[in-house]
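Here's the letter readout for the chains.
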Amino acid sequence: MDYLIVSDTHGDRQILTDIVAHYKGKVRAMFYNGDSELQRSDELFDTLLPVIGNMDDDPMFPDDRNYEDEFVKIYQTHGHLVHTEISLNQLREVASHKDVDVVTSGHTHMLGAEKIDGKLFINPGSISLPKGPYAYLKGTYAILSVEPKKFIVQFYTRDLQPVPGLKFEFDR
Ligand SMILES: [Mn+2]
């Protein structure tokens, strides 16, 4: 079962439109990790599951989300409320009180996937304004594949193609 995670478009609505059109019906859920600078009522959020970012002014966006289906439990938040621009320490503390498999955030515009405290932390990077060592990719999102005994995280670029070398497997 696949889950799409995308974040930090900062007004670049077209790429979200393209991603939703491409993946609708092909993944179980699509997470949008904040800083769209759109309104909660935007039709994109009929499909994408959003949280509020520090650059979003619509208070109808939730601060965070606890997602659960029969395959996976995911905690989603942008990151500014727990200052992930400094470190993951506060997010780790929040996640430690949650019965989840996966924690996903955005905010830093830097992609990442790592197991911390037994949970898989995923930052898809920014699809529009990437920073860090993978900024040369010009924007990324992630697909999380949930299997009975493992998680696979593959990062993709704006042309909807997987990045060779940015595929990571984790035991559950
Ligand atoms: Mn941002």
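Residues numbered from 1 in each chain as written. Predicted model: local features only at pLDDT ≥ 70, side-chain atom pairs only at ≥ 80, totals over all residues. Heavy atoms only, no water.

### Considerations on the overall build of the protein chain
Rules: A run of DSSP states H or I qualifies as a helix once it reaches four residues; a run of E qualifies as a strand once it reaches two. Both are numbered from the N-terminal end. Only the C-alpha atoms count toward the radius of gyration. The rule for a globule is 2.2 Å times the residue count to the power 0.38. Here the term buried applies to any residue with accessible area under 20% of the maximum for its type, exposed to any over 50%, and partly exposed to those in between, with areas from a 1.4 Å probe on protein chains only. Pairs of residues are marked as contacts when any of their non-hydrogen atoms sit within 4.5 Å.
Helix and strand counts for the protein chain stand at two helices and 11 strands. At 14 Å, the protein chain has a C-alpha radius of gyration in line with the 16 Å of a compact globule built from 172 residues. Once the C-alpha set of the protein chain is aligned to its principal axes, its extents read approximately 35 × 35 × 30 Å. By residue count, 53% of the 172 residues in the protein chain fall in the buried class. For the protein chain, the share of sequence-separated contacts (at least 6 apart) that also reach a separation of at least 24 residues comes to 49%.

### A closer look at the coordination of the manganese ion
The line we're drawing: The donor definition counts N, O and S atoms within 2.8 Å of each metal and applies 3.2 Å to Na, K and Ca; water is not among these atoms, so some sites may look incomplete.
Surrounding the manganese ion are the protein donor atoms Asp8 (OD), His10 (NE2), Asp35 (OD) and His109 (NE2), at 2.1 to 2.3 Å. Counting along the primary sequence, the residues that act as donors to the manganese ion give the motif D-x1-H-x24-D-x73-H. With a gap of 25 residues between them, His10 in the loop between β1 (2-6) and α1 (13-23) and Asp35 in the loop between β2 (29-32) and β3 (48-50) connect regions that are remote in the sequence. Residue classification places Asp35 among the buried positions, given a relative accessible area of 2%.

### Looking at the sheet that holds strand β6 (residues 102-104)
Going by this rule: Strands were regarded as paired on the criterion that DSSP finds at least two bridges between them. Note on geometry: axes are lines fitted to C-alpha atoms, helical ones only across the stretch in contact, with angles between N-to-C directions running from 0 to 180 degrees.
An order of β4-β5-β6-β8-β7 is seen for the five strands of this open sheet, with the pairing classed as mixed. The open sheet terminates on both sides in strands that have one partner only, identified here as β4 (64-68) and β7 (112-116). Taken over all neighbouring pairs, the strand axes of this sheet differ in orientation by 20° on average, direction set aside. Taken together, the three bridges between strand β5 (residues 73-77) and β6 define a ladder with parallel strand orientation. Within β6, the residue paired with Ile74 across the bridge is Val102. Contacting β5, β6, β7 and β8 (119-123), helix α2 (residues 89-96) runs over the sheet at an angle of about 135° to β8.

### A word on the environment of Gly53
Structurally, the position occupied by Gly53 is in the loop between β3 and β4. Placed 18 residues apart in sequence, Gly53 and Asp35 show a C-alpha to C-alpha distance of 4.5 Å. Setting aside its immediate chain neighbours within four residues, Gly53 contacts Gly34, Asp35, His78 and His80.

### Topic: the UniProt feature "domain: Calcineurin-like phosphoesterase" (unreviewed entry) in the protein chain
Here is the rule we go by: UniProt positions are given in the numbering used here, feature names are shortened, and annotations may be inferred rather than shown by experiment.
The positions UniProt marks with the feature "domain: Calcineurin-like phosphoesterase" (unreviewed entry) are residues 1-147. Along residues 1-147 the backbone is 13% helical and 29% strand, and the end-to-end C-alpha distance reaches 7 Å.

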